[in-house]
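# Working through the structure, step by step
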Amino acid sequence: MIILGIETSCDDTSAAVVENGINVLSSVVSSQLKIHKKYGGIVPELASRHHLENINFVIEKAMQNAKCKMQDINAVAVTVGPGLIGSLLVGTTTAQAISNILKIPIVGINHIEGHIFANFLTTNHEPRTTNFKPPFIALIVSGGHTDLIKVMGFGKYKILGRTRDDAVGEIFDKIAKFLELGYPGGPIIDKFAKKGDSKKINFPRPYMPDTWDFSFSGLKTAVINYTREHKNTRTRERLYDLCASFQQSCADVLVRKTVLACKKFNIKKIILGGGVSANSLLRSDFIKKCDEENIKLFMPAAIFCTDNAAMIASAGYFKLKRRRICKAINPVRTRRFLNGVNPSANLELSNW
Ligand code: KG4
Ligand code: ZN
């Protein structure tokens, strides 16, 4: 089964063609980075306008790269939330049009759920693993989310905790903005941290032991205060140490809480997802800790950590397979489908 995935929930216009939920025939991501860079964050109105300008081209390119014709597509999967409403609507109305014209099923996917399924994706026809079966503890860390999730089955999720303030990726971006390093901050801080010493500055670890929730805004304030206090002695080395020390604080908290959740719920598998799961320190710390604790760890390939439509197509495939939706849908159902587009879509209600 060949699925066209469409993802426009935030600032990346993406389309992908995925076979049987696993094999990525093409994945095109048109980044709006240049547009939002000068504002140090995403401007929603600009994002939706650029999605509108790019979406047709991105889909055509995905079809070309996959060497597919529109008639080869069996279904279309699209992100219905959470995300920016204007951005979501560009993707969902496009998907609706394709579904109506080709008379193929359409399936709405929760964006966080998509990040979970990024773990299935491969570009070389080989399944990444045969062992990718729930239950898992999933940690989805991105610019918009820091969610610790108990995955009991596909389509059966329990949010254990989430951030009470900023998402961890947002903290990377805000600190990088404050330090005038560029946007998005995650990859830059990741790179600088490799040259620094993470033991040089002792930033707080917001473990919040009484809850599965997270809170990173205090850590952000600590980094900003430290920078202000040392502004007269700002050197390249100190900047590298600061990036390394800040990143270590984030990784310590994320790894510890995720492993604790495994112990508490007696689950022996962890899956990561979201842009921050591309972070090299986070990945290596998780590998070390999971080895020690005899926990099986799944991480998406680095290119599928950040937002992409292939992960949406993958989730769509497994959801359609579960529901056995094979018949073409009619316009009434499509209208109902669009009513389901929700900027704050709740993963726990994404019942299959
Ligand atoms: O998943 P994603 O593309 O979009 C959302 O759903 O939010 O994640 C983007 C976020 C940004 O905050 C970016 O700074 C962060 O992921 N990110 C990273 C790295 N690569 C991207 N954070 C830390 N280390 C990285 N290597
Ligand atoms: Zn995302």
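Everything below is about the structure printed above this text.
For the structure given in this document, a descriptive report is provided here.

## Focus: unusual backbone geometry
- The linkage connecting G81 with the following residue, P82, adopts the cis geometry, with an omega of -10°.
- Along the polypeptide, P82 turns up in the loop between strand 4 (75-81) and helix 3 (85-102).
- Here the amide bond leading from Y183 into P184 is cis, since omega sits at -5°, within 30 degrees of zero.
- Phi at E180 takes a positive value of approximately 60°, unusual for a residue other than glycine.
- Inspection of the secondary structure assignment puts E180 in the loop between helix 5 (168-178) and helix 6 (185-193).

## Here's the deal with helix 9 (residues 280-293)
- Between the first and last C-alpha of helix 9 there are 20 Å, a value that for 14 residues agrees with the 20 Å anticipated at 1.5 Å per step.
- Listed as buried for helix 9 are L281, L282, R283, D285, F286 and C290.
- Contact partners of the buried residues in helix 9: strand 6 (136-141), helix 8 (236-265), strand 9 (269-273) and strand 10 (296-298).
- Capping of helix 9 at its N-terminal end is provided by N279; its side-chain oxygen lies 3.1 Å from the backbone amide nitrogen of L281.
- Downstream of helix 9 by one or two residues, N294 has phi in the positive range, about 60°.

## Thoughts on the site of ligand 1
- Lining the immediate surroundings of ligand 1 are 21 residues, of which G143, D173, D190, G275 and D307 lie closest.
- Between G144 and ligand 1, the recorded distance is 3.1 Å, taken from a backbone N or O atom to an oxygen atom.
- Listing elements by their share of the shell around ligand 1, those giving two or more residues are helix 4 (111-117), helix 5 and helix 6.
- If you tally residues by element for the shell around ligand 1, the top one is helix 6, at four residues.
- Of the residues in the shell around ligand 1, the class split is six nonpolar, twelve polar and three charged.

Rules used in this analysis
- Residues numbered from 1 in each chain as written.
- Chains lettered and ligands numbered in written order.
- Predicted model: local features only at pLDDT ≥ 70, side-chain atom pairs only at ≥ 80, totals over all residues.
- Heavy atoms only, no water.
- Helix = DSSP H or I, 4+ residues; strand = E, 2+ residues; numbered from the N terminus.
- Expected span 1.5 Å × (residues − 1).
- Buried < 20%, exposed > 50% of the residue type's maximum accessible area, 1.4 Å probe, protein only.
- Contact = heavy atoms within 4.5 Å.
- Polar contact = N/O pair within 3.5 Å; in protein donor to acceptor, adjacent residues only side chain to side chain.
- Near = heavy atom within 4 Å.
- Nonpolar A, V, L, I, M, F, W, Y, C, P; charged D, E, K, R; others polar.

Keep in mind these values describe shape, not function.
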